[in-house]
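Examining the three-dimensional arrangement
Chain by chain, the residues:
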There are 2 protein chains.
Amino acid sequence: MAMALQRPQTKEKKIPDQTGIRQVAKRAGVGIGSVSRVFSGAAGVSDQMRARVLRAAEIVGYSPNMLAQALRRQKTQSVGFVVSDIANPLVSSIIHGAEAVLSAAGYSLLLTNSGGEPAVDARRIRLLQQRRVDGLILLPAVEDDPAMLAALGASGIPLVVIDRSLPDSIEARYVYSDHYTGVGQAARHLLELGHRSLGVIVGLDVRPSRERIRAVTDAYRERKMKPKFLVDAGPLSAEHGAATMKRWLSAPNPPTAVILGGNQLLVGALETIRSRNLRLGRDLSLVVCDDVPLGRLFDPPISTVMRDTDLMGQTAARFLLDAISQPEQAASIAVLPTWYVPRVSCGAPVTR
Amino acid sequence: MAMALQRPQTKEKKIPDQTGIRQVAKRAGVGIGSVSRVFSGAAGVSDQMRARVLRAAEIVGYSPNMLAQALRRQKTQSVGFVVSDIANPLVSSIIHGAEAVLSAAGYSLLLTNSGGEPAVDARRIRLLQQRRVDGLILLPAVEDDPAMLAALGASGIPLVVIDRSLPDSIEARYVYSDHYTGVGQAARHLLELGHRSLGVIVGLDVRPSRERIRAVTDAYRERKMKPKFLVDAGPLSAEHGAATMKRWLSAPNPPTAVILGGNQLLVGALETIRSRNLRLGRDLSLVVCDDVPLGRLFDPPISTVMRDTDLMGQTAARFLLDAISQPEQAASIAVLPTWYVPRVSCGAPVTR
DNA sequence: TTGAAAGCGATACCAA
DNA sequence: TTGGTATCGCTTTCAA
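Residues numbered from 1 in each chain as written. Chains lettered and ligands numbered in written order. Predicted model: local features only at pLDDT ≥ 70, side-chain atom pairs only at ≥ 80, totals over all residues. Heavy atoms only, no water.

It is worth spelling out the relation of the copies chain B and chain A at this point. Mapping chain B onto chain A is achieved by rotating through 180° and translating by 0.0 Å along the same axis, at an RMSD of 0.0 Å. Look at the turn and shift together and you get a two-fold axis relating the two. The rotation axis passes nearest to the C-alpha of leucine 110 of chain B in chain B, at a distance of 2.3 Å. Taken as a fraction of all interface residues of chain B, those also at the interface in chain A reach 98%, which identifies the copy contact as same-surface. (Least-squares fit on C-alpha atoms with pLDDT ≥ 70 in both. Contact = heavy atoms within 4.5 Å.)

Below, the structure written as C-alpha cells:
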C-alpha cells in the first residue's frame, strides 16, 4: 500500500508565529474557511460572523498574505512591465500612465529595465513569467530577438506591446504612436520652406524608425520629388546626436534641415550646432520628435513632433486589463496621434 | 479522534495541467524532493540525477513557480518602491539606479506611484506589505503622515528612505542628498555678486526644503548679514514656478536673484521671466536645483545645483540589500554630494 | 451559513 | 544521495 503511516498524534502542532488565517480562526473560535470568506468579501456570511472575524483579525493584526492568495487563485494581480530605459522621461511618462490605470484596477506593477539589451529583455520576460504575472507590457529594444520571441511564444500570457511590431506568430495587442503623421507634417513643412536635402536620425530598425522614414519619403513623393535624404540609424543618445550632426555638417552637401527621431538626440545635436556657430532656423532647420521641457523656451524655440505619452501608458494598461479579463477576444491595435508644432527652429534655407 | 477518514485510494488523482514540480518528478521517475534540489542548486545531487531531472523538465517545459517558492521560503526576492511621481525625470533616474542594483542581486521591483498623496503612500505601503516584499524603498510626499508612519511601524520590514527624514520611532536607513552644500555655494555666489534680496522656492516641509533654507540662511550669516530673503513653499511644479515668480516680480521689492528648489519649476519661472522681458543674469539671476537637459545650452546657460540621482538609487538599493541580509546591523545614513555649477544666468544685480 | 479537508507548487526535515 | 511527508497561507468544494 502506498499510504504512509500516519504521523503520531502528538497534538503539539507548533504554533506559527506568523499571523495567518488560522490564528484568526482560532482567536475567533470559527472555521478557517469563514475567515477567508470574510476577507475575500464572499457572499453568505452572517453579520455576526463578519464582526467576530474582523475583531479577531484586528486583535492579532492580521492582513491577508497575497502570495498565498495568488498561489491558490492562480492569479497574482500583478503585471510585468519591461522597458529598455526607465530613465528616459518619455518612458517614465508611459509608465506613469500605465501605473495609474493598473493600480486603480488593483494590479501591482513589476518594473524591469533591460538597458536596451535584447538578451536582457528576454531574461526579464522569463523572470516575470516565473513570477506568474497576469500580463505583460513590453517596450523592448528590438522587435526580432529570437530569445525574446521564444520566451513570449512559450507562454500564453496576455501581452501588450508599445511602439514595436512583433511577428504575427506572437499574440499581442499593440499601442502605437502615429509617427507617420507627425513626422509627415514636419517633413512637408520643411519641404515647403524650400529645403531639399533633409537629414533624419532614427533609432534601430523598429516601427517608429520605419514610420518616420516612410513619412519623409512620402512627403518628397507628394511633391513629385525624388526622396533623396540622409538617414542615420543609431542609438538615440545625445552622444550619437552630436556625432551624427558633426559628420553631416562636415560632409560636402550637408542637409539644410534635420529631423531628430528622439529627444535625447537634441542635446547632442544642439551642442554641435552651437560649436559651429550656426543659427537655428537660418543656417539649419531642426525638428525634434517628442517634447523636451525647455524646447519651446529655447532660443530659438524648437519645432517638435508631440505625442501624449501618459495616454500611451494608460492605453497599454487598459488593453492589458482587457486581455486579462477576455483572453479570447480579438487582439487589437490602438494608434495614438502625434502632431507637429512648428517653431522658429525651422526656417527657409539660405542659398549658398 | 481528530484524524479524518482517509480519501479512498481512487488512484485517479487528477493530473493538473500546470507543469509543476511533480510532473517533472513523475516524468523523470524520481522523487519530488530531488527535482527541488536540482532547481534550487542544493548540494548533494548526483550528476545523473541532475541530468535526468533537467531532461524531464526540458520535456515538460518546467520552470519553477516563484510564488510557491516565496510562500514556502518566506522570501519573495522582491522589493517595493513607493515614489510620489514616477514621471519626474529625477525620480525615474533614481529608480533606474535602484533597479540596476536590485535586479543584479536577483530582486524584482514593485513600483507604485502615490501622486504626492500621503494617504496613497500609506495604502501602497500596506499593499506592498501584503505582497510580502522583502524590503521597501520610500520617496514619500511628506514626512509625518500618521497613516504612513503607522503602516511603517507595524511591520519590521527593512526600510530605506530617500531624501526624507522620518521620526526616530521608525527604523530605517537613509539616503540623503547634501542639499545644504550645493545650495550654500549658490547662495554665497549670489551674495558675492552683490545680491541682497534672494528668493527661494522650496517644496513642502521635507528635508531638502529645510536644508536649502538653512543653507541660504547660513550664507547670509557668514557675511554677517541678516538673513532676509523670500521663501515660498509650494508644489514644485511649472505652474507654481510661474505663479510665484509673477507674484514676486510684481511686489514692491522684488528679489534680484532666485533659487528654484526643483527642476520642474524652471519652465514656469522662465515663462514669467520671458513674458516680462527680463534678461537672465542681468535683470534677474537664477539658479535651479537639479539638472535640466537643455539648461547649459539655454540662452543664457542656467546655473545649476547638480547631484547624481542614479547614484542615489543605487545607494538606496544597496542599503536595502544590506538591511535585508543583516537586519540587526545598525541603521545607516548616506549623504551624497550636490555641487553648484555657476553659469551666465547669475550675474551682478543692476542697481535700480 | 458554517466547518473540514483537499489542494495550489514549492521547501526541508527525516528516515532510509 | 534519495524519497516521503508536512507545511507555507490561502481558496474552494463538499457536507452538515
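The next point concerns the sheet that holds strand S8 (residues 257–260) of chain B. Residue and element names in this part refer to chain B. Reading across the sheet, the 6 strands line up as S7-S6-S8-S9-S10-S12 and stay open at both edges, with mixed pairing between neighbours. Looking at the sheet topology across the chains shown, the edges are occupied by strand S7 (230–233) and strand S12 (338–341). Neighbour-to-neighbour, the strand axes of this sheet turn through a mean angle of 15°, independent of strand direction. Pairing between strand S10 (residues 303–307) and S12: 4 bridges, direction antiparallel. Considered in S12, the bridge of valine 305 is made with tyrosine 340. (Pairing = 2+ DSSP bridges. Helix = DSSP H or I, 4+ residues; strand = E, 2+ residues; numbered from the N terminus. Axes fitted to C-alpha atoms, helices over the stretch in contact; angles between N-to-C directions.)

Attention now moves to the interface of chain B and chain A. Contact with chain B, which involves 53 residues of that partner, is made by 52 residues of chain A. At the boundary of chain B and chain A, one finds 2 salt bridges. The residue glutamate 271 of chain A makes a salt bridge to arginine 296 of chain B at a minimum N-O spacing of 1.8 Å. Here chain B is connected to chain A by 18 residue pairs in polar contact (both at pLDDT 80 or more). For the side of chain B that touches chain A, the secondary structure elements donating two or more residues are helix H4 (66–73), helix H5 (89–104), strand S2 (108–113), helix H6 (118–130) and helix H11 (264–275) of chain B. No other element matches the 7 residues that H5 of chain B contributes to the side of chain B that touches chain A. Residue classes in the side of chain B that touches chain A are distributed as 25 nonpolar, 19 polar and 9 charged. Judged from the 3 bridges that link them, strand S2 (residues 108–113) of chain A and S2 of chain B form a sheet pairing that is antiparallel. Counterpart to leucine 111 of chain A in the pairing with S2 of chain B is leucine 109 of chain B. (Salt bridge = Lys/Arg side-chain N within 4 Å of Asp/Glu carboxyl O. Polar contact = N/O pair within 3.5 Å; in protein donor to acceptor, adjacent residues only side chain to side chain. Nonpolar A, V, L, I, M, F, W, Y, C, P; charged D, E, K, R; others polar.)

Now for the domain arrangement of chain A. Residues and elements named next belong to chain A. By the assigned domains, chain A splits into domain 1 (20–68), domain 2 (76–177 + 310–336) and domain 3 (179–307). Residue-level contacts link 13 residues of domain 2 with 11 residues of domain 3. Both faces combined, the contact of domain 2 with domain 3 buries some 970 Å², and carbon together with sulfur accounts for 50% of it. The interface formed by domain 2 and domain 3 holds 2 salt bridges in total. Ionic pairing is found between glutamate 143 and arginine 210, a salt bridge with its closest N-O pair at 2.9 Å. (Domains from an automatic or database assignment. Buried area = accessible area lost by both parts, 1.4 Å probe.)

A separate point is the UniProt feature "domain: HTH lacI-type" (unreviewed entry) in chain A. In this structure's numbering, the residues bearing the UniProt feature "domain: HTH lacI-type" (unreviewed entry) are residues 19–73 of chain A. Taken end to end, residues 19–73 of chain A is 69% helix and 0% strand, and its first and last C-alpha atoms sit 20 Å apart. (UniProt positions renumbered as here; feature names shortened; annotations may be inferred.)

Around DNA strand C, 30 residues are found, and the nearest of them are Ser46 and Arg72 of chain A together with Ile21, Ser36 and Arg72 of chain B. Sugar plus phosphate, as a fraction of atoms of DNA strand C within 4 Å of the protein: 64%. Here a phosphate oxygen of DNA strand C and a side-chain polar atom of serine 34 of chain A are 2.7 Å apart. One of the side-chain N or O atoms of arginine 37 of chain B is found 3.4 Å from a base nitrogen in DNA strand C. When residues of the surface near DNA strand C are traced back to their parent elements, those giving at least two are helix H2 (32–39) and helix H4 (66–73) of chain A together with helix H1 (21–28), helix H2 (32–39) and H4 of chain B. Take the surface near DNA strand C: its biggest share by element is 5 residues, from H4 of chain B. (Near = heavy atom within 4 Å.)

Glancing now at the pairing of strand S6 (residues 198–202) of chain B. Side chains on a regular strand alternate between the two faces of the sheet. Residue and element names in this part refer to chain B. With respect to burial, S6 is a largely interior element, 5 of its 5 residues being buried. Alternating positions in S6 separate into two faces, Leu198, Val200 and Val202 on one and Gly199 and Ile201 on the other, with burial throughout. The pairing of S6 with S8 spans 4 bridges and is classified as parallel. In the sheet register, valine 200 faces S8, and the bridge partner there is isoleucine 259. Pairing of S6 with S7, which is carried by 4 bridges, proceeds in the parallel orientation. By the bridge assignment, isoleucine 201 is partnered in S7 with aspartate 232. Each parallel crossover has a hand, and for S6 linked through helix H9 (residues 207–222) to S7 it is right-handed. (Buried < 20%, exposed > 50% of the residue type's maximum accessible area, 1.4 Å probe, protein only. Right-handed = clockwise from strand over helix to strand, strands pointing away.)

This next bit is on helix H11 (residues 264–275) of chain A. Residue and element names in this part refer to chain A. Buried within H11 we find Leu265, Leu266, Val267, Gly268, Ala269, Leu270, Thr272 and Ile273. In this structure, the buried side of H11 is in contact with strand S6 (198–202), helix H10 (238–250), strand S8 (257–260) and strand S9 (285–289). A positive backbone phi angle near 60° is found at asparagine 277, which sits one or two residues after H11.

The subject of this paragraph is the packing of aromatic side chains. All names here are of chain A. This structure, assessed with the given rule, holds 7 aromatic pairs over all chains. Note on tyrosine 174 and tyrosine 176: the rings are 5.4 Å apart at their centroids and 25° apart in plane angle, and the pair reads as stacked. Residue tyrosine 176 is classed as buried on the basis of its relative accessible area of 7%. One Lys or Arg, arginine 207, reaches over the ring of tyrosine 176 and ends 3.6 Å from the middle of that ring. (Phe/Tyr/Trp six-rings, centres within 6.5 Å; stacked < 30°, edge-to-face > 60°. Lys NZ or Arg CZ within 6 Å of the ring centre and 35° of its normal.)

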